[in-house]
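Chain by chain, the residues:
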Amino acid sequence: MSTSREDADMEEEGGLIRKIQANGNKKAADKLIRKYYDEIYVYVFRQTSEKHIAMDLTQNIFIAMLRSIVNYDGKQASFRTWLYRIATNKIIDYYRSQAKEKNHVLSIEEIDIPDEIEFTRQLEIKALLSKVKKYINSLEMTLQQIFRLKFFGDYTFSQIADLLGLPESTVKSKYYRLLKLLREEFKDEY
């Protein structure tokens, strides 16, 4: 059950979208972007762990949103859901492109050097996280989307099912099967 405040927010959002679709209204676009910018940035940052990459990707997500907003249909999905779909696909594209590039070599200036025990632990965690991300990025797109939305976006299974147009039971089974695969793949590492 939604409140009158939520209804008013949705109506305002719908008005902004219609203005952008009708004539590319820049003020409406700016207001819509400001409404979602922080939320999308956090979603991206959780997956990249690098501020400048998260900022670049977030900008690309909103550019893609503005380019395709004329095709947005509120009857198909909520705007937030549609925006997260764009964000998830952009993140997947980013990791695909990274897999094709050579590994980045850090300069000594880029590294904060903690004490020896903490440093060793951070390296272990970072190495494992890197392996897990690489493994996730090798999976088919639907599994990547489910994992990213659940793990990084804190979406519920029901929300993911709506977003991807899949039955909730399918989303759950794919997610739990993926967790089992991850446990098996990395059982010796944690």
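Just above sits the structure.
Residues numbered from 1 in each chain as written. Predicted model: local features only at pLDDT ≥ 70, side-chain atom pairs only at ≥ 80, totals over all residues. Heavy atoms only, no water.

## Describing helix α6 (residues 141-151)
Among the residues of α6, Leu-143, Gln-144, Gln-145, Ile-146, Phe-147, Arg-148 and Leu-149 are the ones counted as buried. Capping of α6 at its N-terminal end is provided by Glu-140; its side-chain oxygen lies 3.1 Å from the backbone amide nitrogen of Thr-142. (Buried < 20%, exposed > 50% of the residue type's maximum accessible area, 1.4 Å probe, protein only. Helix = DSSP H or I, 4+ residues; strand = E, 2+ residues; numbered from the N terminus. Polar contact = N/O pair within 3.5 Å; in protein donor to acceptor, adjacent residues only side chain to side chain.)

## Some thoughts on the pattern of salt bridges
Scanning the model with the defined rule gives nine salt bridges in all. Salt-bridge contacts for Glu-13 lead to Lys-35; the nearest nitrogen and oxygen are separated by 2.8 Å. A residue pair is termed long-range when its members are at least 10 positions apart, and Glu-13 in helix α1 (residues 4-23) and Lys-35 in helix α2 (residues 26-48) qualify at 22 residues. Its relative accessible area of 10% is what places Glu-13 among the buried residues. Taking the relative accessible area as the measure of exposure, Lys-35 reaches 41% and is therefore partly exposed. One salt bridge connects Arg-34 with Asp-30, and the closest N-O pair in it is separated by 2.7 Å. Highlighted residues: Arg-34 and Asp-30, both in helix α2, separated by four residues, approximately one helical turn. (Salt bridge = Lys/Arg side-chain N within 4 Å of Asp/Glu carboxyl O.)

## Observations concerning the layout of surface pockets
In this model, the second largest pocket occupies a volume close to 390 Å³. Forming the walls of the second largest pocket are 16 residues, and the residues nearest its centre are Met-10, Glu-13, Tyr-36, Ser-78 and Phe-79. Listed by contribution, the elements that provide at least two residues to the lining of the second largest pocket are α1, α2 and α4 (79-100). The leading source of residues in the lining of the second largest pocket is α1, at eight residues. A class-by-class count of the residues in the lining of the second largest pocket yields five nonpolar, four polar and seven charged. (1 Å grid on protein atoms, 1.4 Å probe; cavity = no way out; pocket = protein on both sides within 12 Å on 5 of 7 lines; lining within 4 Å. Points joined across faces, edges and corners; volume = space filled by probe spheres on them. Nonpolar A, V, L, I, M, F, W, Y, C, P; charged D, E, K, R; others polar.)

None of the figures reported here should be taken as evidence of function without further support.
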